[in-house]
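Spelled out, the chains give:
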Amino acid sequence: MLVLTRKKDESIMLGEDIEVVVLEITPTQVRLGVNAPRDCAVYRKEIFTAIQEENIKAARQTVQVELIKAEVKELFTGDDEEK
Amino acid sequence: MILQSKYFGRIEFAEEKIVTFERGIIAFEEMKRFFIIDNEDENNPLWWLQSVDDPEILFVVINPFTFKPDYDFELSPQDAEELQIEKPEDVVVLAIVVVPENIKQMTANLLAPVIINIRQRKGKQIVLQDKRYSTKHLIIEELAKTQKARQTQQKTSAQSAAQNR
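Read on for an overview of the structure. These figures come from a predicted structure and were not determined experimentally. (Residues numbered from 1 in each chain as written. Chains lettered and ligands numbered in written order. Predicted model: local features only at pLDDT ≥ 70, side-chain atom pairs only at ≥ 80, totals over all residues. Heavy atoms only, no water.)

1. Thoughts on the overall build of chain B
Thought 1: Along its length, chain B carries two helices and 11 strands.
Thought 2: Taking the principal axes of the C-alpha coordinates as reference, chain B spans close to 60 × 40 × 30 Å.
Thought 3: Each of the 165 residues in chain B was classed as buried or not, and the buried ones make up 47%.
Thought 4: Of the roughly 9,000 Å² of accessible surface on chain B, a fraction of 48% belongs to carbon and sulfur atoms.
Thought 5: Taking the average location of the 21 positive side-chain charges in chain B and that of its 26 negative ones, the two points are 7 Å from each other. (Helix = DSSP H or I, 4+ residues; strand = E, 2+ residues; numbered from the N terminus. Buried < 20%, exposed > 50% of the residue type's maximum accessible area, 1.4 Å probe, protein only. Areas by Shrake-Rupley, 256 points an atom, 1.4 Å probe, with all protein chains shown as cover. Lys, Arg positive; Asp, Glu negative; His and termini not counted. Charge placed at Lys NZ, Arg CZ, Asp CG, Glu CD.)

2. Structural notes on a nonpolar patch on the surface
Thought 1: A grouping of Ile25(A), Val30(A) and Leu32(A) is seen on the molecular surface, where their side chains present a nonpolar patch of about 290 Å² in accessible area.
Thought 2: Secondary-structure assignment places Ile25(A) in strand S2 (residues 18–25). (Patch = residues over 30% accessible without salt bridge, like charges linked within 9 Å, V, L, I, M, F, W, Y side chains within 5 Å. Salt bridge = Lys/Arg side-chain N within 4 Å of Asp/Glu carboxyl O.)

3. Describing the side chain of Lys69(A)
Thought 1: Within the secondary structure layout, Lys69(A) lies in helix H2 (residues 65–82).
Thought 2: Given a relative accessible area of 12%, Lys69(A) falls into the buried group.

4. Examining the pattern of salt bridges
Thought 1: Counted according to the given criterion, the structure contains 21 salt bridges over all chains.
Thought 2: Between Glu24(A) and Arg31(A) there is a salt bridge, with the nearest N and O atoms lying 3.3 Å from each other.
Thought 3: With a relative accessible area of 36%, Glu24(A) lands in the partly exposed category.
Thought 4: Between Lys124(B) and Glu82(B) there is a salt bridge whose closest N-O contact spans 3.2 Å. Note that Lys124(B) is positioned in strand S10 (residues 122–125) and Glu82(B) in helix H1 (residues 77–82), a separation of 42 residues in sequence.
Thought 5: Using a relative accessible area of 14% as the deciding quantity, one classes Lys124(B) as buried.
Thought 6: On the basis of relative accessible area, Glu82(B) is assigned to the partly exposed category, the value being 29%.
Thought 7: A single salt-bridge network, built from bridges that share partners, covers Arg23(B), Asp79(B), Glu82(B) and Lys124(B).

5. Topic: the nonpolar core
Thought 1: Ranked by size, the top nonpolar core spans 41 residues in total, and within it Ile68(A), Trp48(B), Ile62(B) and Ile139(B) carry the most contacts.
Thought 2: Sorting the residues of this core by element identifies H2 of chain A together with strand S4 (33–37), strand S5 (46–51), strand S6 (58–62), strand S7 (91–98) and helix H2 (139–164) of chain B as the ones contributing at least two each.
Thought 3: A total of five residues in this core trace back to one element, the largest contributor, which is H2(A).
Thought 4: Setting aside residues no more than four positions away along its own chain, Ile68(A) makes contact with Val63(A), Leu46(B), Trp48(B), Val60(B), Val99(B) and Met106(B).
Thought 5: By size, the runner-up hydrophobic cluster in this structure holds 19 residues, among which are Ala58(A), Ala59(A), Met31(B) and Ile116(B). (Core = buried A, V, L, I, M, F, W, Y, C linked by side-chain atoms within 4.5 Å. Contact = heavy atoms within 4.5 Å.)

6. Some words on the interface of chain A and chain B
Thought 1: Contacts between the two partners involve 30 residues from chain A, matched on the other side by 43 residues from chain B.
Thought 2: Taking both partners together, chain A and chain B bury about 3,400 Å²; carbon and sulfur atoms supply 64% of that area.
Thought 3: One can count four salt bridges joining chain A with chain B.
Thought 4: Here Lys136(B) ties to Glu54(A) by a salt bridge, and the two come within 2.8 Å at their closest N and O atoms.
Thought 5: Seen at the junction of chain A and chain B, the total is 12 residue pairs in polar contact (both at pLDDT 80 or more).
Thought 6: Going through the elements one at a time, helix H1 (45–60) and H2 of chain A are the ones with two or more residues in the side of chain A that touches chain B.
Thought 7: Of all the elements, H1(A) adds the most residues to the side of chain A that touches chain B, at 11 residues.
Thought 8: Class assignment for the residues of the side of chain A that touches chain B results in 16 nonpolar, four polar and 10 charged. (Buried area = accessible area lost by both parts, 1.4 Å probe. Polar contact = N/O pair within 3.5 Å; in protein donor to acceptor, adjacent residues only side chain to side chain. Nonpolar A, V, L, I, M, F, W, Y, C, P; charged D, E, K, R; others polar.)

7. Here's the deal with H1(A)
Thought 1: Its 16 residues place the ends of H1(A) 22 Å apart at the C-alpha level, agreeing with the 22 Å of an ideal helix rising 1.5 Å per residue.
Thought 2: Looking at H1(A), one finds that the buried residues are Ile51(A), Glu54(A), Asn55(A), Ala58(A) and Ala59(A). Burial along H1(A) is one-sided: seen end-on, the buried residues are contained in an arc of 130°. Exposed residues on H1(A) whose side chains face more than 90 degrees from its buried face are Lys45(A), Glu46(A) and Arg60(A).
Thought 3: Packed against the buried residues of H1(A) are S6, S7, strand S8 (107–108) and S10 of chain B. (Expected span 1.5 Å × (residues − 1). Arc of directions from axis to C-beta.)

8. Some thoughts on the sheet that holds S2(A)
Residue and element names in this part refer to chain A.
Thought 1: Read from one edge of the open sheet, three strands run S1-S2-S3, paired in antiparallel fashion. Among the strands making up the open sheet, the edge pair consists of strand S1 (11–14) and strand S3 (30–35). Averaged over all adjacent pairs, the angle separating strand axes in this sheet is 25°, with direction ignored.
Thought 2: By the bridge criterion, four bridges tie S1 to S2 in an arrangement that is antiparallel. Of the residues in S2, the one forming a bridge with leucine 14 is isoleucine 18. (Pairing = 2+ DSSP bridges. Axes fitted to C-alpha atoms, helices over the stretch in contact; angles between N-to-C directions.)

So, in structure tokens, the structure goes:
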């Protein structure tokens, strides 16, 4: 991993069009600003990881098609019958 | 095109029916082609996204507005452009569902919905920057909340109707 030391208000460039600016430094946090082209998605890593994990779970699960269908149908129609 | 799928057996469909995800699905970037299997039961909000590239992969998906009517987000102009969206009615929003052993605990991912332009047959899983949504919304719980809110609303409107008389 490339390690760079930066102070407040200094920045780094990733390629030619992505800039990461150090906006604020506290003992426990840094605030970063990102200037990037609009088609470049920026995510907090833990959020991206959570989505990856969720998708992997969704893809690997054994899908009991009829069972799930019946359950959802009951869920969505059950209430109306009670009324 | 004929696909020998794991869960639906032999599926035959026209090639034009394939929905292309140019960036794949997050964590499955190589999976670019899907076939939507809709529910023959119109009252059932569940659909299925069958991977054309891997017959073993089937995503359970649901129309999120059926259990969370206040679900809202703005599609970025970049995503709208990428998906060649011209009219709102061309857009289908789906949430990927994870079904644990206890089916009642099934959750939907509202943080990363799947957006499909049904006319151009292009799809993309987008990531919302919105703290209200997570990758695991208990469907049963959201539905209960929605029904409760609806009942309160009905009561209030009944009351105000009574008062107006």
